[in-house]
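# Breakdown of the fold
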Amino acid sequence: MSTMLQTIVKEIKALKPVPQVAQQIMSVVEDPDSSVAEVAKIVQYDPSITANILRVCNSAYTSSPRQVDSVQDAITFLGLDKLVEIVLINCGSEDLKKGHKGYGLDEGDLWKNSIFSALIAKQIAEKMKNPNKQLIFTASMLKDIGKVILSRYVADSFTKINNLVQNEGLSFKDAEKKVIGIDHTELGALVAKIWKFSPKMIYMIRNHHLSDDKSARENQDTMIIYLADVVAMMMGVGVGSDGLAYTFYDDVLGKLNISPIDIQEIMMESNEELSRVEELLKLNE
């Protein structure tokens, strides 16, 4: 391992990990048979998360017809899916919320893209009746954690990386790998491993561009994350300097049995979701 790569890997320790309560919830939702009671048991003893859930429940984000005063009320009103969504958004990595100049992302841009693509991924998973929708949501939200560390190195090498993209037709990720020695998906997988995420989560973060491991293009969960990322970028939500400089695998649509018309519908529905996301982000400022 080169000196630069050793330095990059060491910087993982400087990241603020996803809180323990979020990791516990991630473990629970990986089980398709998980219950509201199991999540409630984790949440109810964390005052900060409880306060945030109640704040969100009583905001315009959920349009609750009555005052919600307890976690139990929130669970009844929200249901498991929405409760987990709010908890994970509240507990997501603080580092995603910062600006990342190497990728041309201002403060909040990467976080907004992460949340929005996660919501789209869950939407696609629901359309497909995929039982792992919460796992897909979480992996999609954290898929770009590697960019947090790599941003500074991308900034220093941006001209070289961009030249490879423009003149040699490399994807931005492959250009990162060639110039820096590691790309943001590899680094994200290392972060996930050090943070003790499940093997499934590590796999999806590592392969969310579908470009390295051919098995990822046969894995429905990972293909959903990939497609949601593409849709979010097409809609211009939190798009950085890497933009659409990635390979588009059009066979994914056929494998997921999703048509261009379906994509248009997802984009239209997601426009409404975007306003809700922006409201939720304001609540978390």
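The structure displayed is predicted, hence computed values, not measured ones.

## Side note on the side chain of glutamate 176
Structurally, glutamate 176 is set in helix H10 (residues 172-180). Within polar-contact distance, the side chain of glutamate 176 engages the backbone nitrogen of histidine 184 at 3.0 Å. With near-sequence residues (within four places) excluded, glutamate 176 lies in contact with Tyr103, Leu150, Val154, Ile161, Gly181, Ile182, Asp183 and His184.

## Observations regarding the packing of aromatic side chains
Enumeration according to the criterion identifies five aromatic pairs in this entry. Each ring, one from phenylalanine 158 and one from phenylalanine 172, has its centre 6.3 Å from the other, and the planes form 45 degrees; the classification is tilted. Residue phenylalanine 158 is found in helix H9 (residues 158-168), and its partner phenylalanine 172 is found in helix H10; the two are separated by 14 residues along the sequence. Ring centres of tyrosine 226 and phenylalanine 248 lie 6.5 Å apart, and the angle between their planes is 25 degrees; this geometry places the pair in the stacked category. Here phenylalanine 248 lies in the loop between helix H13 (220-234) and helix H14 (251-255) and tyrosine 226 lies in helix H13, a separation of 22 residues in the sequence. A relative accessible area of 44% places phenylalanine 248 in the partly exposed class. One cation-aromatic arrangement involves lysine 122 over phenylalanine 137; the distance from NZ or CZ to the ring centre is 5.6 Å. In this structure, arginine 152 packs its charged tip against the face of tyrosine 153, placed 4.6 Å from the ring centre.

## Some words on unusual backbone geometry
Excluding glycine, a negative phi dihedral is what most residues carry, and trans is how most peptide bonds are arranged. Look at lysine 129: it is not a glycine, yet its phi comes out positive at around 55 degrees. Here lysine 129 is to be found in the loop between helix H6 (109-127) and helix H7 (133-142). Phi at leucine 210 is positive, roughly 60 degrees, even though this residue is not glycine. What makes leucine 210 buried here is its relative accessible area of 2%.

Basis of the calculations
Residues numbered from 1 in each chain as written. Predicted model: local features only at pLDDT ≥ 70, side-chain atom pairs only at ≥ 80, totals over all residues. Heavy atoms only, no water. Helix = DSSP H or I, 4+ residues; strand = E, 2+ residues; numbered from the N terminus. Polar contact = N/O pair within 3.5 Å; in protein donor to acceptor, adjacent residues only side chain to side chain. Contact = heavy atoms within 4.5 Å. Phe/Tyr/Trp six-rings, centres within 6.5 Å; stacked < 30°, edge-to-face > 60°. Buried < 20%, exposed > 50% of the residue type's maximum accessible area, 1.4 Å probe, protein only. Lys NZ or Arg CZ within 6 Å of the ring centre and 35° of its normal.

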